[in-house]
Amino acid sequence: MSEARRERLTARVLLFDAADRILLLKGRLPSAPDAPGWWFTVGGGMEPGESVREAALREIAEETGFTNVALGDTLFQSDEVLHDRKGRPVRHLSTFLFARCPGGEPDRAGWQALELEFIDDIRWWSIDDLAVCGEPIYPPDLVVRARAALAAHG
């Protein structure tokens, strides 16, 4: 497969607690380890044979330790090219799902080496605080999408 055609299927989750806060991680891309970090949703790559829903639940458990999660429907999808740590282009096909959990302190025990190296923080955000945080957020329209998701899911 040529480098330009490399693809990575990912399951990403807008994970909300009972107070309607969204859980985000702050990290850097492996292709730019010295760049400022971005706040982004829970989630990651799908394993062979895994459904989007299975991947989402696995990623939530690995990245947060939360297993008491009510996984909802697909909210949106994205298709973009990012670069791996060797600078090669990779097409990321991401499915973003809605989910709720009781909340609490995330547990980093399930983090893999890459996550430990490139993720700097994890925290709950109110949508109002996220809207004025002044730091990069991925996707850039996450605040709008999070508000719409909450409005649709009560």
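Model, not experiment: these values are computed from the prediction. (Residues numbered from 1 in each chain as written. Predicted model: local features only at pLDDT ≥ 70, side-chain atom pairs only at ≥ 80, totals over all residues. Heavy atoms only, no water.)

### Considering unusual backbone geometry
Okay, step 1: Note the cis peptide between Tyr138 and Pro139, where omega equals -5°.
Okay, step 2: Tracing the chain through its elements places Pro139 in the loop between β7 (137-138) and α4 (142-153).
Okay, step 3: Although it is not a glycine, Asp20 adopts a positive phi angle of roughly 65°.
Okay, step 4: Relative to the elements of secondary structure, Asp20 occurs in the loop between β1 (7-16) and β2 (22-27). (Helix = DSSP H or I, 4+ residues; strand = E, 2+ residues; numbered from the N terminus.)

### Re the pairing of β1
Okay, step 1: In terms of residue burial, β1 counts as a mostly covered element, since 7 of its 10 residues are buried.
Okay, step 2: By the bridge criterion, 10 bridges tie β1 to strand β5 (residues 89-100) in an arrangement that is parallel. When the sheet's bridge partners are listed, Arg12 is paired in β5 with Phe96.
Okay, step 3: Relative to strand β3 (residues 38-45), β1 runs antiparallel, the two sharing 4 bridges. Within β3, the position partnered with Val13 by the bridge is Val42. (Buried < 20%, exposed > 50% of the residue type's maximum accessible area, 1.4 Å probe, protein only. Pairing = 2+ DSSP bridges.)

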